[in-house]
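# Structural overview
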Amino acid sequence: MEKKTGRKQFNFWQDHSLHYLEMAYRTDKIERIENCDGYGKRTGQCGDTIEFYLTVRDEIIGSASFVTDGCLNTIACANTVIHLIEKKSIEDAWEITPENVIDYLETLPSTNEHCAELAIGALYRALLNFQKNKRVPWKQLYKRH
Ligand code: FES
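This write-up is about the structure you can find in this document. (Residues numbered from 1 in each chain as written. Predicted model: local features only at pLDDT ≥ 70, side-chain atom pairs only at ≥ 80, totals over all residues. Heavy atoms only, no water.)

## Describing the pattern of salt bridges
Opposite charge on two side chains makes pairing possible when the charged atoms of those side chains draw close. Evaluated as defined, the whole model comprises six salt bridges. With its nearest N and O atoms 3.3 Å apart, the salt bridge here joins Glu-51 to Arg-32. On the criterion of sequence distance, the pair formed by Glu-51 in strand E2 (residues 49-57) and Arg-32 in the loop between helix H2 (18-25) and strand E1 (38-43) is long-range, its members being 19 residues apart. With a closest N to O distance of 2.8 Å, Lys-134 and Glu-59 form a salt bridge. In this pair, Lys-134 is assigned in helix H6 (residues 113-135) and Glu-59 in the loop between E2 and strand E3 (60-68), connecting sequence segments 75 residues apart. (Salt bridge = Lys/Arg side-chain N within 4 Å of Asp/Glu carboxyl O. Helix = DSSP H or I, 4+ residues; strand = E, 2+ residues; numbered from the N terminus.)

## Some words on the environment of Pro-109
Relative to the helices and strands, Pro-109 is located in the loop between helix H5 (98-105) and H6. In sequence terms Pro-109 and His-16 are 93 residues apart; their C-alpha atoms lie 9.6 Å from each other. Setting aside residues no more than four positions away along its own chain, Pro-109 makes contact with His-16 and Asn-73. (Contact = heavy atoms within 4.5 Å.)

## A short note on unusual backbone geometry
With a phi close to 55°, Asn-35 is a non-glycine residue in the positive phi region. Position of Asn-35 among the secondary structure elements: in the loop between H2 and E1.

Geometric values such as these leave the question of function open.
Below you can see the structure in the form of structure tokens.
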């Protein structure tokens, strides 16, 4: 697979990996969740925002969803984060890095690697929020997103 270098034109549908196409067009995880167990929001220097919503039981991320106003690459990265964290422990989720997202997608343009960093930054905030809620669970009763 050749990227957009040299004389060959990058063909979006033929040259992107299946992982990339699947993650870029997956829509079933785009959802706001009221009263989730962990919420994280981050805005990048490009002005795009990702928000993650985690549902956690016994330290395992049962499900996650997101919303973003970002581009297709941002959506691909956010979906990949969810693919990598669902059914994993909170501890394992902390280990996930932007490089893991980039590796999984295979064909994320190098000019958009910051989308992976933004998605991971929002994930870390959701994990932090989960840990904070765990310490003061009553606060969650009053939470509104
Ligand atoms: Fe802004 Fe993707 S272009 S996060």
